[in-house]
2 protein chains.
Amino acid sequence: MPSLLRISVALVAAALGSQAQTFQRLGTCPTLGCVFPPDQADFLPGQVFDIRLEVHAPVNGSEAFNNGVPDEKFALTIQRVGEHGKARTVKEFLGLKAEPALEKWTFSYFEDLFAQDAKTPTVVNVASKAYRQVALYTPGEYTATLNFFGNQKTIATWTVREPPTNPKKHKAKNVLFFIGDGMTISMQTAARLIAHKSINGKYQSLLQLDQMDNLGHQMTHSIDSFITDSANSATALNTGHKSTVNALNVYVDSSPDPFDDPKVETLAEMFRRVRNGLIGIVTTAFVADATPAAVVAHTRNRDLAAPIVDMFLHGETNYSWPGVKGVDVLFGGGAENFLPTGSFQGKNYYDEFKKAGYGVAFDNKSLQTLDNKKRALGIFSISNMAKWVDRQVLKKNLFGLKNSPTGDGTDAVDQPGLKEMTLKAIDILHARSKADKNQGWYLMSEAASIDKMMHVLDYHRALGELLELDDTVRASIEHLKKLGIYDDTLIVVTADHGHGFDVFGGVDTQYLHAASSDRQKRSAIGVYANSGLSGYTVAPDSSPKNNTVVIGAQGANFPVQWDPRFALAAGVVAFPDHRENYTTAQNGPRLPAVNSADGFVPNPTDAQDGFALSGTIPTNQAQGVHSLTDVAVYANGPGSEAFRGVYSAIDIFFKMADALGLATFSNTTSSHH
Amino acid sequence: MPSLLRISVALVAAALGSQAQTFQRLGTCPTLGCVFPPDQADFLPGQVFDIRLEVHAPVNGSEAFNNGVPDEKFALTIQRVGEHGKARTVKEFLGLKAEPALEKWTFSYFEDLFAQDAKTPTVVNVASKAYRQVALYTPGEYTATLNFFGNQKTIATWTVREPPTNPKKHKAKNVLFFIGDGMTISMQTAARLIAHKSINGKYQSLLQLDQMDNLGHQMTHSIDSFITDSANSATALNTGHKSTVNALNVYVDSSPDPFDDPKVETLAEMFRRVRNGLIGIVTTAFVADATPAAVVAHTRNRDLAAPIVDMFLHGETNYSWPGVKGVDVLFGGGAENFLPTGSFQGKNYYDEFKKAGYGVAFDNKSLQTLDNKKRALGIFSISNMAKWVDRQVLKKNLFGLKNSPTGDGTDAVDQPGLKEMTLKAIDILHARSKADKNQGWYLMSEAASIDKMMHVLDYHRALGELLELDDTVRASIEHLKKLGIYDDTLIVVTADHGHGFDVFGGVDTQYLHAASSDRQKRSAIGVYANSGLSGYTVAPDSSPKNNTVVIGAQGANFPVQWDPRFALAAGVVAFPDHRENYTTAQNGPRLPAVNSADGFVPNPTDAQDGFALSGTIPTNQAQGVHSLTDVAVYANGPGSEAFRGVYSAIDIFFKMADALGLATFSNTTSSHH
């Protein structure tokens, strides 16, 4: 693609020279002049965003410049490529009423691990300005040029993408967007193996994901590192803009305030602004976790759970960002940020939501009785919700946790699953849309603990969560058909990143248990021909005489048993020191490693009859980490053909926005200017 | 899929009761009466196959029966489902001239690891018959019932698939089938990262695979174990029949003869028989390796390299199997099985091929001068061919190996790459087709050492091989367009299985090298935000002042450097004890582990400055093993839309056969009856 290369030659060499390293001064800013959104940013026509400019003057270190005094007279010009005349100032180009105030601050960072060990930080002084809530309406390429320190320039090429479909003829009324957090293709293969029977190499049934109409792959990397977390990958999916680890719907600046980073409008925000669309959020995590937060929240720090809960109800209160100001459905865990002991400004957020007219549910029973016409909040546990395996198979693990969402110290034993939450969310969104202008809805439903259980190397529970997601997609398709809105609804299922997980053999757990040394225990693993077949689809008491097909108590699409003698030998590529015995942990999710004076070491109470493995990651890491792999995308319904092939995570935003017809070509349709 | 379940209820419980274990009496035969092809086998109409029946009488062990005396009066009946009347005998149903002779033998196996440790094998006496070279021409379901021991039955349901397209209106004239051996989706992501530049999270160029028209996933498992090797996975791709580890285009029986197992006709054999199609085989492995062998060879033991070489020239000499009897192109390594010291019956196979009219080449120079009108043999090294990284970057590693294909003890320094071999093969097949009846060709081109380098944990070389495959696909598309046959040619690219590989971070190799303890070395790894960007796309001497885009000496689609300070932290889930330092091994492919009295331990000369990892597999395993994950399928050209979605490896055979129109509905078009 020589044309693309040509445009950005100046940036390529600059960017790569200083950034192919593990520590960076500031992501996406390889020079001393930073433009956010940076070079190569894509926008939907009319998408609202902030511009942040920074000029850096490192006081010391390899880039020390100008005695640490940043240029305060920097200026940005913008020009649409192909437009006649000179580049105009940002104020003129965007028709802004006033030039924003100059801001100044100082930050520091380590240039590499040697500097960190030596405790020699590099200090950087910054001069900055932020231009808030702007938008570009005309498709095409734009050149934004920051002039600083007299003769230095940073050039950012921005592209406003022409939508493939006329927004007035949009294809879908609703979007049902499933995120299997951390769901890697190899996990789907393993989930199929444990839940679906095969005879002589032929599966007798398949995952719902296997049967979706369209298949694609997406690249998940961050903007400034190749391994993403769930915040910036969700940012890509929700805004069409890649960002930095931990950031939600902002580009990360170097300022100390975690709420002043330049924001980008999300799909939900555009849908609400352009069409008054209804917004639902369902997750099995705490609701302020990165993936659900990314539907509407804006902050460079995903950990700020309490203010994020406030954003679900009030929108952003800083910088008058338009925001959604009240999602229609919010279901998940995370009571700790609703109760006064851990909430924003110490308020009782159950009361705040009730005052705003929300129905509120605390368990599956009350979830089912929520009024479909009212906005709804359902918080079903403190912290993350129970895992499918514990909810359905090892139910004793629900007791003794004192995790009732009411905060009364009882156990949250009647938690709904992803399926129950998602179907109820559809009912509410559908009823509210019908009762209003039939404007449609956007529902994000997250199977959060695929990721959480992979992090703690609890492969069995992770696969249980994946199977629950698959079952939820299957049930949702049926439910949409029953409601008569399947043909109006684009369904997209994807992940936000992977884990380097795979199955490499079968293991005779009896032999492993009986073996005495670590090295002998490894002989229990059968590879290739000795991997055998799936023990999870065979009832413990089955025999050749038993002439019936066994279906587990949890239904046809789940394992018949979770602890066969011949189990899967599975693993991940990134793990702390731990032991492996390949059985389903009986007392709840695994905790593979515990901290010690020498960093994390195997948890003495985990997988006690297993063999020891020394880790592959820094010893300060308690659990496995995300991986690079592309993840799969599945789509059904209007606009779903666009999801075929291989593309960036940001394209999922553009494809969904195109299906909903969210582009706007002038600011007259917008309420924010 | 209740209808499928209903059909096979009897077999499900029986099969799963005894087979979900790491050791089996005989794969696909859970009862004491075995039918091959077994239950659930699929056939193309007219596809030739053998039937093998076995009755087992275990002398001892958990299944001991009838004092170890097998029933010799067993009988098979066949009925087409929906056909009136009683089931007929196999002889009558298939119109065979005579009943085959009864065969008898004995074999033994261990029931599990405890029995193996105790050295208590189970002995099984067998009575058997084989019905050779039969075919089913009418699409539909067939029930084959083996009656044995008086009242026992084994029922196999066979399906002859109705082709979606009328074979007379076939879509493709040629098929170019690429196999990236062991190529996992996560490897493609990693290969993209090291070879293609990105700016602020946006790739400036992509893999050719990323840009193919159609994307699918295939399930790779064996018929009787969930982890496959490259032989039986290639069997699935070439015949539409899954088989057992190590088996090539046969179902594995229990007899001692590795050539008498029941055969199934391959796509190449059908193409030759039905249309006199031209057949080409290209590989970077030794040519008798499993993947190239699977185009035409039939044996339960892939390791029989010398007779496999004979099969490329003469077809099967046992049991008068029709076979191809001389492929048109055969390019790769493996001189050891052509030279009299290691060949079939001690002949010089270069001479044998020459006598049969083949042009013969031993290096890239002579490859390029081969006459395109003649059949061609190119053998370019002893054993597997050189790896791309060594051929293109670390060329010193080509010297001192004494691996000249002529056997003269010199070095094979002028080896062609996959691209050179594939383009020349296309030229020959195209020229020969044009000079004959324009009947078309089938070329299988294998990037074998993606797998071989993953096995030895040499991730860098594996990714080099993957990039060479990608470059070959790109060049082949261009070449087919130049020849004017792109629109006639179905191109399919897939893998035969995965490895549990992924990238989980970046690593500061300078810090790792300098750190003194294993635990401190792990601190060199940066995860998430600290993973950084790809160091492989940055020239060692680049700086922000260097205002040019750097392209590696090997071209735009390869890394600029292979040993950046900030390297990929990558790994696999299945590995022997070894050390990791994340650098490209400078002296040729890695050898991560060596044998000792206590099994395999880290090779003292490998990754000497790395940290130690204890393995995840039995200590008798020298290298990493294959994994379960589904692998990707990419397709362009006529018939390529059929490759979308998720399906079994066997479906790839049926989709290619449909594109070529190879089904035959009566035996009058066939020469073999």
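Residues numbered from 1 in each chain as written. Chains lettered and ligands numbered in written order. Predicted model: local features only at pLDDT ≥ 70, side-chain atom pairs only at ≥ 80, totals over all residues. Heavy atoms only, no water.

Engineer: Go over the overall build of chain A, please, and point to the residues and values.
Structural biologist: Per the secondary structure count, chain A includes 18 helices and 28 strands. Its C-alpha atoms give chain A a radius of gyration of 26 Å, within 12% of the compact-globule value 26 Å for 673 residues. Projecting the C-alpha coordinates of chain A onto the three principal axes gives extents of approximately 85 × 65 × 55 Å. Within chain A, the proportion of its 673 residues that are buried is 67%. In chain A, the proportion of contacts linking residues at least 24 apart, taken out of those at least 6 apart, comes to 73%. Surface exposure of chain A reaches about 21,200 Å², of which carbon and sulfur atoms provide 51%. (Helix = DSSP H or I, 4+ residues; strand = E, 2+ residues; numbered from the N terminus. Rg over C-alpha atoms; globule rule 2.2 N^0.38 Å. Buried < 20%, exposed > 50% of the residue type's maximum accessible area, 1.4 Å probe, protein only. Contact = heavy atoms within 4.5 Å. Areas by Shrake-Rupley, 256 points an atom, 1.4 Å probe, with all protein chains shown as cover.)

Engineer: Requested: an account of the UniProt feature "active site" (unreviewed entry) in chain A, with residues and values cited.
Structural biologist: All names here are of chain A. When the UniProt feature table is mapped to this numbering, "active site" (unreviewed entry) covers S230. Since its relative accessible area comes to 4%, S230 is described here as buried. In contact with S230, not counting residues within four places along its chain, are D181, A290, T291, R302, D496, H497 and H626. At 3.1 Å, the side chain of S230 and the side chain of D181 are in polar contact. (UniProt positions renumbered as here; feature names shortened; annotations may be inferred. Polar contact = N/O pair within 3.5 Å; in protein donor to acceptor, adjacent residues only side chain to side chain.)

Engineer: Please give an account of the sheet that holds strand β19 (residues 489-494) of chain B that cites residues and values.
Structural biologist: To summarise the sheet geometry, strands pair through backbone hydrogen bonds and adopt either a parallel or an antiparallel arrangement. Residue and element names in this part refer to chain B. The ten strands lie next to each other as β16-β17-β15-β14-β18-β10-β19-β27-β13-β28, forming an open sheet whose pairing is mixed. Looking at the sheet topology across the chains shown, the edges are occupied by β16 (359-361) and β28 (645-648). Across the sheet, the mean angle separating the axes of adjacent strands is 15° when strand polarity is ignored. Where strand β10 (residues 174-180) and strand β18 (residues 441-447) come together, six bridges link them in parallel fashion. Bridge assignment links G180 to a residue of β18, and that residue is A447. (Pairing = 2+ DSSP bridges. Axes fitted to C-alpha atoms, helices over the stretch in contact; angles between N-to-C directions.)

Engineer: Provide a residue-level description of the pattern of salt bridges, including the pertinent values.
Structural biologist: Enumeration over the complete set of coordinates arrives at 73 salt bridges over all chains. Between A:R25 and A:E63 there is a salt bridge; the shortest N-O distance is 2.7 Å. Here A:E63 lies in the loop between β3 (49-58) and β4 (75-80) and A:R25 lies in the loop between α2 (9-19) and β1 (33-36), a separation of 38 residues in the sequence. For A:R25, a relative accessible area of 9% translates into the label buried. Owing to a relative accessible area of 23%, A:E63 belongs among the partly exposed residues under this scheme. Where B:D210 meets B:R192, a salt bridge forms, and the shortest distance between an N and an O atom there is 2.8 Å. (Salt bridge = Lys/Arg side-chain N within 4 Å of Asp/Glu carboxyl O.)

Engineer: Requested: an account of the packing of aromatic side chains, with residues and values cited.
Structural biologist: In the structure shown here, the tally under the stated rule is 34 aromatic pairs over all chains. These aromatic residues form a ring-pair network of at least three members: A:F338, A:Y350, A:F353, A:Y358 and A:F362. Across the ring face of A:Y203, the terminal group of A:R192 is positioned such that the distance to the ring centre comes to 5.8 Å. Taking the ring centre of B:Y486 as reference, the NZ or CZ of B:K481 above it sits at 5.0 Å. (Phe/Tyr/Trp six-rings, centres within 6.5 Å; stacked < 30°, edge-to-face > 60°. Lys NZ or Arg CZ within 6 Å of the ring centre and 35° of its normal.)

Engineer: Would you mind going over the UniProt feature "binding site: Mg(2+)" (unreviewed entry) in chain A in detail, with residue names and values included?
Structural biologist: Residues and elements named next belong to chain A. The positions that UniProt labels "binding site: Mg(2+)" (unreviewed entry) are, in the present scheme, D181, D289, T291 and E446. These annotated residues cover 266 residues of sequence, and their C-alpha atoms all fall within 11.3 Å of one another, placing them together at a single site. Its location among the elements puts T291 in helix α8 (residues 290-293). Apart from the residues within four sequence positions on either side, T291 is in contact with I179, D181, S230, A234, M444, E446 and D496. A distance of 2.9 Å separates the side chain of T291 from the side chain of D181, its partner in a polar contact. Following the sequence through the fold, E446 ends up in strand β18 (residues 441-447). Note on E446: relative accessible area 0%, which makes it buried. What E446 contacts, discounting residues up to four positions off in sequence, is I179, D181, V282, T283, T284, A285, T291, P292 and L418. There is a polar contact of 3.0 Å between the side chain of E446 and the side chain of T291.

Engineer: Could you give an account of the relation of the copies chain A and chain B, naming the residues involved and the relevant values?
Structural biologist: Once turned by 180° and shifted 0.0 Å along the axis, chain A lies on chain B with an RMSD of 0.0 Å. Given the turn and translation reported, the copies of this chain are related as if by a two-fold rotation axis. Relative to the rotation axis, the C-alpha of A:V573 is the closest in chain A, positioned 2.6 Å from it. Looking at chain A, 100% of its interface residues are interface residues in chain B too, so the copies touch through the same face. (Least-squares fit on C-alpha atoms with pLDDT ≥ 70 in both.)

Engineer: So what's going on with the environment of B:T239? Residues and values would help.
Structural biologist: Residues and elements named next belong to chain B. The topology assignment puts T239 in helix α6 (residues 230-239). The exposure class of T239 is buried, given its relative accessible area of 0%. Residues T239 and H578, 339 residues apart in the sequence, show an inter-C-alpha distance of 38 Å.

Engineer: Describe the domain arrangement of chain A, with residues and values.
Structural biologist: Residues and elements named next belong to chain A. Split by domain assignment, chain A resolves into domain 1 (2-160) and domain 2 (172-500 + 626-660). Each of domain 1 and domain 2 was reduced to a C-alpha centroid, and the two centroids are 32 Å apart. Taken together, the contact between domain 1 and domain 2 spans 26 residues of the former and 27 residues of the latter. In total, domain 1 and domain 2 occlude about 2,000 Å² of area from one another, counting both sides; carbon and sulfur atoms represent 60% of this. Along the contact surface separating domain 1 from domain 2 lie two salt bridges. A salt bridge links D260 to R52; the nearest nitrogen and oxygen atoms lie 3.1 Å apart. The tally of links between domain 1 and domain 2 comes to 13 residue pairs in polar contact (both at pLDDT 80 or more). Of all the secondary structure elements, the ones that give two or more residues to the side of domain 1 that touches domain 2 are β2 (42-43), β3, β6 (103-109) and β7 (122-134). The leading source of residues in the side of domain 1 that touches domain 2 is β3, at five residues. (Domains from an automatic or database assignment. Buried area = accessible area lost by both parts, 1.4 Å probe.)

Engineer: Report on the interface of chain A and chain B, specifying residues and quantitative values.
Structural biologist: Where the parts come together, the accessible area they lose is often given as the size of the interface. Contact residues are listed per partner, giving 133 residues for chain A and 133 residues for chain B. In total, about 11,300 Å² of surface goes out of reach between chain A and chain B, with carbon and sulfur atoms giving 64% of it. Applying the counting criterion to the chain A and chain B interface returns twelve salt bridges. The residue inventory of the side of chain A that touches chain B, partitioned by class, reads 60 nonpolar, 53 polar and 20 charged. (Nonpolar A, V, L, I, M, F, W, Y, C, P; charged D, E, K, R; others polar.)

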